[in-house]
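Structure at a glance
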Amino acid sequence: GTDAERRSAALAGTGELRGHVDPLVGIMLRPGEAQPTLNATASIRPDGVRRRPAPLPDRVAQHIVILGDSVAFGHGVNDDETLAHQLEQLLAHVRGSQALPVVATTVAVPGWNHRNAVHFLIDHLRGLDPDIVVYLPVANDLTDTFGVTEGGHRALLPDPAEPDPWLSVHDEPLLAYIEHSVAAAQARGVTLDLGDDAAGPHGLLADLSAESQRRYDDAAGSIELLQRILQRVDARLLLAYPEENAYGWTLRARLAEAGVEVPSVSLYTSIPSAYRLVGDSHPSATGLSFMARWIAEDLLQRGWVEAGAERSLPPLPPGAAQHHAAE
């Protein structure tokens, strides 16, 4: 059928995704109750944003948006275990019931890149009305925008925002290769524990080729655009790097070279397996709780969120502090 007919079919499909009207956003989650990952349940609002488990306060509040992809979304965790919810709970504890309420909202879709996340926020800025945006940069920011099939599932389609839409750049082929290798070894009675780097150096992250360099420049450009848009509405931007890796180091350098000064906080040096989902590299609810703790601490120290007069953040469990990356 025509492009319009295919988009209508995608919007009416049975999968967990639907297409966004903005091609720079690409995909969004279908409203309603969904089980997008593992055994977790996610509730999605009509605008495609993950629903907060608590009702909105009946008075003026300070609004924080957690922006990003699957880490920000809370892959594999329930609505009351997300980074946004745990951050909101921590700040409510510190500030007390008489202070201005803080409302933290998850604005994220698994598979989004930097362009998708930033343009969704721009498109929905009036409705979300953030005072603070906490953006989590991740390595798949450098990959192409996903399409959506008629049935509502992710698809590797040409990305209209790239100079060469037919140059498909995704992690899926690499991950499929690793999964195939593990399965083939198991069939022979051999156990392999392969990480994402098992196929060799990641060319997209290396910042050596012209294509890699261009994509880093694009990522830095999206952050600069986001900061500029937020400044116009008197909102603040904080970059929260989930863990130290080549993507974060190179992105920091790109921003510095471009003269873009954005406040940032480093979270993990490397997320330990004890703080990850079983059989999955994403942080668990416990892993997200420490990320929320470090982000809350940073926001309070900056004075972006006013601390209560008597309360303080709860202490970290023994051993957790050693995994916190130095800024």
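Up top is the structure.
First, a word on scope: everything that follows refers to the structure included in this document. (Residues numbered from 1 in each chain as written. Predicted model: local features only at pLDDT ≥ 70, side-chain atom pairs only at ≥ 80, totals over all residues. Heavy atoms only, no water.)

1. A short note on the pattern of salt bridges
A complete count under the given rule lists 18 salt bridges for this structure. Salt-bridge contacts for Asp47 lead to Arg45; the nearest nitrogen and oxygen are separated by 2.7 Å. Asp47 gets classed as partly exposed once you look at its relative accessible area, which sits at 24%. Through salt bridges that share partners, Arg115, Asp144, Glu162, Glu211, Arg214, Arg215 and Asp218 make up one connected network. (Salt bridge = Lys/Arg side-chain N within 4 Å of Asp/Glu carboxyl O. Buried < 20%, exposed > 50% of the residue type's maximum accessible area, 1.4 Å probe, protein only.)

2. Description of the pairing of strand S11 (residues 264–268)
By the criterion of burial, S11 is predominantly enclosed, with five of the five residues buried. Across four bridges, the pairing between strand S10 (residues 236–243) and S11 is parallel. Opposite Tyr241, over in S11, you have Ser266 as the bridge partner. With helix H8 (residues 246–257) bridging S10 and its parallel neighbour S11, the resulting β-α-β unit is right-handed. (Helix = DSSP H or I, 4+ residues; strand = E, 2+ residues; numbered from the N terminus. Pairing = 2+ DSSP bridges. Right-handed = clockwise from strand over helix to strand, strands pointing away.)

3. Some remarks on the environment of Ala274
With respect to the secondary-structure elements, Ala274 resides in the loop between S11 and helix H9 (285–302). In sequence terms Ala274 and Gly287 are 13 residues apart; their C-alpha atoms lie 8.1 Å from each other.

4. Some details on the side chain of His75
Within the fold, His75 resides in the loop between helix H2 (70–73) and helix H3 (83–95). Judged by relative accessible area, His75 falls into the buried class, the value being 13%. Looking at His75, its side chain comes within polar contact range of the side chain of Asp280, at 3.2 Å. (Polar contact = N/O pair within 3.5 Å; in protein donor to acceptor, adjacent residues only side chain to side chain.)

5. Focus: helix H4 (residues 114–123)
Counting buried residues along H4, eight of its ten residues qualify, which places the element largely inside the surrounding structure. Buried within H4 we find His114, Arg115, Asn116, Ala117, Val118, His119, Phe120 and Leu121. On its buried side, H4 packs onto strand S5 (62–68), strand S6 (102–108), helix H5 (125–128), strand S7 (132–135) and helix H7 (210–232). Looking at where H4 begins, the residue whose side-chain oxygen comes 3.0 Å from the main-chain nitrogen of Arg115 is Asn113. (Contact = heavy atoms within 4.5 Å.)

6. Some points on the packing of aromatic side chains
Counted according to the given criterion, the structure contains six aromatic pairs. Relative to Trp294, the ring of Tyr268 lies with its centre 5.0 Å away and its plane at 80 degrees, an arrangement referred to as edge-to-face. Residue Tyr268 is found in strand S11, and its partner Trp294 is found in helix H9; the two are separated by 26 residues along the sequence. Judged on exposure class, the residue Tyr268 and its partner Trp294 are both buried. Every member of this aromatic cluster is reached through a ring pair, and the members are Tyr268, Tyr275, Phe290 and Trp294. Sitting over the face of the ring of Phe73, Arg50 holds its NZ or CZ atom 4.5 Å from the ring centroid. Seen from the ring of Phe146, Arg154 lies directly overhead, with NZ or CZ sitting 4.1 Å from the centre. (Phe/Tyr/Trp six-rings, centres within 6.5 Å; stacked < 30°, edge-to-face > 60°. Lys NZ or Arg CZ within 6 Å of the ring centre and 35° of its normal.)

7. Concerning the sheet that holds S10
Pairing within the open sheet is parallel, and its five strands lie in the order S6-S5-S7-S10-S11. The sheet is open, and its two borders are formed by S6 and S11, each paired with just one other strand. Along the sheet, successive strands turn relative to each other by an average axial angle of 20 degrees, direction set aside. Two strands pair when backbone bridges link them, and S5 and S7 are joined in this way by four bridges, in the parallel orientation. Within the sheet, the bridge partner assigned to Ile66 lies in S7 and is Val134. The sheet contacts of H4 involve S5, S6 and S7, and relative to S5 the element is tilted by about 155 degrees. The strands that H8 touches are S10 and S11; relative to S10, the one it contacts most, it runs at about 150 degrees. (Axes fitted to C-alpha atoms, helices over the stretch in contact; angles between N-to-C directions.)

8. A short note on the side chain of Gln86
Note on placement: Gln86 falls in helix H3. With near-sequence residues (within four places) excluded, Gln86 lies in contact with Glu81, Ala285, Leu288, Ser289 and Ala292.

9. Description of the environment of Val169
One can find Val169 in the loop between strand S9 (154–155) and helix H6 (172–187). As a C-alpha pair, Val169 and Thr145 span 24 residues in sequence and 8.9 Å in three-dimensional space. When near neighbours in sequence (up to four residues on either side) are disregarded, Val169 contacts Leu142, Thr143, Asp144, Leu204 and Arg215.

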